[in-house]
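What follows is each chain in one-letter form.
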Amino acid sequence: MIALFSTKTRTSRSPGGYDGRLRGCGTVRAVSGLWRWRHNPLRRTTDLVEAWVACAAAVLLVLAVPAAGWGLGGLADEAMQESVRAQAAERRPAIARVLHAPPSPGRTAADPDSAVDQRIRRPVVAEWTAPDGTRRSGRVTTAVPTAGPGDTFPIWTDRRGAPVARPMDPDTARAHSVLAGTGAAAAAAGLVEAVRRLIVRGLVQRRYEALDREWVKAGPDWGRTGAGS
């Protein structure tokens with residue numbers, strides 16, 4: 001009963017230097033409580049379990065989470081760089097010459113889209129030379145908005161001469177790998193914290209159940225003279 005209903009708080013420092021007024025996240029408070037709860041008569045089993053769970057979560061966040069991000073990022077980078085090498089070996093640059101281009105939609109100074117950048121690709125009919133030296137023609141797209149018949153622009157083709165997208169460069173592949181590693185680390189950290197919260201929730205529920213049982217035992221004698229309450 002004293003352990004359950006005591007409201008006395010400790011503000012003095014323990015021999016280990018712990019200040020009972022320490023504030024912070026639940027994990028930090030629980031980990032620091034390992035020292036305080038070693039010989040504390042108010043300590044419950046669930047208190048000690050919660051502290052060890054928080055300690056394990058902290059170790060995982062410091063060691064396992066970065067390792068997971070680094071490992072997955074490294075695997076992703078290896079796969080992406082292999083793809084870069086494969087695309088560089090498969091794709092070839094070529095120069096296409098416009099044969100026919102549909103008229104570009106007119107724009108006026110009052111048009112709010114008149115400053116649209118030139119990265120918007122426009123379909124045209126063009127011809128180019130395949131890697132084997134044969135002439136090819138077909139519909140391709142160009143980033144030059146004013147391209148007309150006779151104008152040229154660079155394209156990429158595969159070994160058969162078919163138009164393909166520009167091969168990925170190593171820096172872009174590495175950026176994707178970093179994002180993959182960061183996402184893996186964040187997911188691992190979220191999983192660790194979710195498991196910790198789930199366990200703590202179960203411990204809190206056990207405390208409430210223990211309190212209910214103690215309350216039921218104390219209920220019949222509550223307030224009676226000589227009952228020791």
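Note that this is a predicted model, so its numbers are computed, not measured.

A. Focus on the nonpolar core. Counting residues in each nonpolar core, the largest one holds 11 residues, listed as Ala94, Ala96, Val98, Ala101, Val124, Ala126, Trp128, Val140, Ala147, Phe153 and Ile155. Residue assignment for this core shows that the elements contributing at least two residues are β1 (92-100), β2 (122-129) and β4 (152-157). The residues touching valine 124, leaving out its near neighbours within four places in the chain, are Val98, His100, Ala101, Gly138, Arg139, Val140, Thr142 and Phe153.

B. Looking closely at the sheet that holds β2. Strand order in the open sheet formed by five strands is β3-β2-β1-β4-β5, and the pairing between neighbours is antiparallel. Each end of this open sheet is capped by a strand with a single partner; those strands are β3 (135-142) and β5 (163-164).

C. Focus on a nonpolar patch on the surface. A cluster of nonpolar residues, Val59, Leu61, Val62 and Leu63, forms a patch on the protein surface that exposes about 360 Å² of accessible area. With respect to the helices, strands and loops of the structure, valine 59 is situated in helix α3 (residues 45-90). Overall, valine 59 belongs to the partly exposed group, its relative accessible area being 44%.

D. Seen up close, α3. The first and last C-alpha atoms of α3 sit 64 Å apart over 46 residues, in line with the 68 Å expected at 1.5 Å per residue. The sharpest bend along α3 reaches about 40 degrees and sits at leucine 61.

E. View of the packing of α3 against helix α4 (residues 170-218). One way to put it is that α3 packs onto α4 with a least axis distance of 7 Å and a crossing angle of 160 degrees. The angle between the axes of α3 and α4 places the two elements in the roughly antiparallel class. Remark: the crossing between α3 and α4 carries right-handed chirality. Here the residues of the contact of α3 with α4 are counted per class, giving 23 nonpolar, seven polar and seven charged.

F. Up close: the pattern of salt bridges. All chains considered together, the criterion is met by nine salt bridges. Across the pair arginine 207 and glutamate 50 runs a salt bridge, and its minimum N-O distance is 2.6 Å. Of the two residues, arginine 207 sits in helix α4 while glutamate 50 sits in helix α3, which places them 157 residues apart along the sequence. Judged by relative accessible area, which is 16%, arginine 207 ranks as buried. Look at glutamate 50 and you get buried, because its relative accessible area is 16%. Across the pair arginine 196 and glutamate 193 runs a salt bridge whose closest N-O atoms are separated by 2.8 Å. Of this pair, arginine 196 and glutamate 193 are both found in helix α4, three residues apart, which corresponds to roughly one turn of the helix. On the basis of relative accessible area, arginine 196 is assigned to the buried category, the value being 11%. Residues joined in a network through salt bridges with shared partners are Arg97, Glu127 and Arg135.

The rules behind the values
Chains are numbered independently. Their residues run from 1 in the order of the written sequence. Per-residue local features are limited, in this predicted model, to residues with pLDDT of at least 70; the limit for side-chain atom pairs, both in listing and counting, is 80 or more; totals at the level of whole chains, interfaces and linings are taken over all residues. The side-chain numbers reported here are obtained from all heavy atoms of the structure, hydrogens and water having been left aside. What makes a nonpolar core is a set of buried Ala, Val, Leu, Ile, Met, Phe, Trp, Tyr and Cys residues whose side-chain atoms join them at distances within 4.5 Å. Accessible area is worked out with a 1.4 Å probe on protein chains only. A residue is then buried under 20% of its type maximum, exposed over 50%, and partly exposed in between. Runs of E in the DSSP output that reach at least two residues are strands. Runs of H or I that reach at least four are helices, and both are numbered from the N terminus. Any two residues having at least one pair of non-hydrogen atoms within 4.5 Å are treated as being in contact. The pairing criterion for strands is at least two bridges between them, as found by DSSP. A residue counts toward a patch only above 30% relative accessible area and without a salt bridge, and it is joined to like-charged neighbours within 9 Å or, for Val, Leu, Ile, Met, Phe, Trp and Tyr, to nonpolar neighbours within 5 Å. What sets the accessible areas is the Shrake-Rupley method with a 1.4 Å probe; for residues, cover comes only from the shown protein chains. Salt bridge, as used here, is a side-chain nitrogen of Lys or Arg placed within 4 Å of a carboxyl oxygen of Asp or Glu. Multiplying 1.5 Å by the helix residue count minus one yields the expected span of that helix. Here the bend at a residue means the angle between the axes of two seven-residue stretches, the one that ends at it and the one that starts at it. To obtain each axis, a line is fitted to C-alpha atoms, and for helices this fit is confined to the stretch in contact; angles are then taken between N-to-C directions over 0 to 180 degrees. Convention used here: angles under 35 degrees read as roughly parallel, angles over 145 as roughly antiparallel, angles from 65 to 115 as roughly perpendicular, and any remaining angle as oblique. Should the near helix be turned counterclockwise from the far one by less than a right angle, the crossing is left-handed, whereas a clockwise turn marks it as right-handed. Residues are sorted three ways: Asp, Glu, Lys and Arg are charged, Ala, Val, Leu, Ile, Met, Phe, Trp, Tyr, Cys and Pro are nonpolar, and all the rest, Gly among them, are polar.

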